[in-house]
Amino acid sequence: MTVVATAVKAEAPGCCRNLPPSRTMSEVVQQLTFRKSMDLKKVIFLVAGLLFLEISSPVKACTCLLSVLQTSYCDADLVVLQVKFLEPSQKTGANSTDVVKGFKVQIIKVLKGAQTLKSQTFIDSMSGTTCEYNHDPNGFKVEYLISASIENGLLRASGCSDSMRWSALSSKQIQGVKGAYLEGCHCKIVTCYSQPCPSQPKTCIFEQYEGGDAENQTKNQVCVTKTSDECVWKNIK
């Protein structure tokens, strides 16, 4: 049976108020269903577009926190080495089909870590990742200090590894990596870029702001425990 819109106006004023009399209830339902379908498609297209932008956006490079050499020395997951980079190299990975790119090295001294590491002759550079370690092309056959992790039995350097020519270290930094930093490993070092710097228990502030003492802290000092709840900077003797 055909029911015109005027016959149902009292029952469903929200859907039929402005419909011409010639529209049937079936047509009304079809029109509402079509509109809902179109709205759903718009939502689907919008979500798909957002997902595409997320997937296609550039991968962010690794972010490295600025701090002093003591932080790497005290990081339980890192080893610290005096090492000579000899040349770019590669070796077979854990899977026989994988090729790991890195550098052939001669380890002069293990400053922190197992002494058995001295027999290692290769450092993985995390090649092909956003946190790849890139060595100075003019820095081969030159001694460096470097912090590294150990992954699957391999030494691994990243873009966040401390890497400095041994000759560029201050005498106090050399004392630090040879053991003086160990005294401060119960303390935390937090970088502050502008004053006022937040005060925290068992923490030294790395003063990386204009007029701050960052250079002196980096080259000459160690953050050590003063009391059970306080850490302070002191000169390495």
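Remember, predicted model here, so these are calculated numbers, not experimental data.

## A word on the environment of Lys-188
Along the polypeptide, Lys-188 turns up in strand E7 (residues 188-192). Taking the C-alpha atoms as reference points, Lys-188 and Ile-205, 17 residues apart in sequence, are found 8.7 Å from one another. Aside from chain neighbours lying at most four places away, what touches Lys-188 is Gln-200, Lys-202, Thr-203, Cys-204 and Cys-223.

## Description of the confidence of the model for the chain
Confidence in the prediction for the chain averages 81 pLDDT; 73% of positions are at 70 or higher. Low confidence marks residues 43-47, where pLDDT is under 50. Its contacts with residues over four positions away, or in another chain, come to zero contacts.

## Describing the nonpolar core
Counting residues in each nonpolar core, the largest one holds 16 residues, and the members touching the most others are Leu-81, Val-83, Phe-85, Val-105, Ile-107, Ile-146 and Leu-155. Apart from the residues within four sequence positions on either side, Leu-81 is in contact with Ile-107, Lys-109, Val-110, Leu-111, Tyr-144, Leu-145, Ile-146 and Leu-155. Of all hydrophobic cores here, the second largest spans 13 residues; its members include Leu-69, Tyr-73, Leu-111 and Leu-145.

## Some details on the packing of aromatic side chains
Here the distance between the centres and the angle between the planes together describe a pair of aromatic rings. Inspection of the entire model under this criterion finds six aromatic pairs. Taking 5.8 Å as the distance between ring centres and 85° as the angle between the ring planes, the aromatic pair formed by Phe-85 and Tyr-144 counts as edge-to-face. Here Phe-85 is found in strand E1 (residues 79-92), whereas its partner Tyr-144 is found in strand E4 (residues 142-151), with 59 residues between them in sequence. Residue Phe-85 is classed as buried on the basis of its relative accessible area, which comes to 0%. Cluster of aromatic residues (ring-pair linked, three or more members): Phe-85, Phe-103, Tyr-133, Phe-140 and Tyr-144.

Conventions adopted
Residues numbered from 1 in each chain as written. Predicted model: local features only at pLDDT ≥ 70, side-chain atom pairs only at ≥ 80, totals over all residues. Heavy atoms only, no water. Helix = DSSP H or I, 4+ residues; strand = E, 2+ residues; numbered from the N terminus. Contact = heavy atoms within 4.5 Å. pLDDT = per-residue confidence, 0-100. Core = buried A, V, L, I, M, F, W, Y, C linked by side-chain atoms within 4.5 Å. Buried < 20%, exposed > 50% of the residue type's maximum accessible area, 1.4 Å probe, protein only. Phe/Tyr/Trp six-rings, centres within 6.5 Å; stacked < 30°, edge-to-face > 60°.

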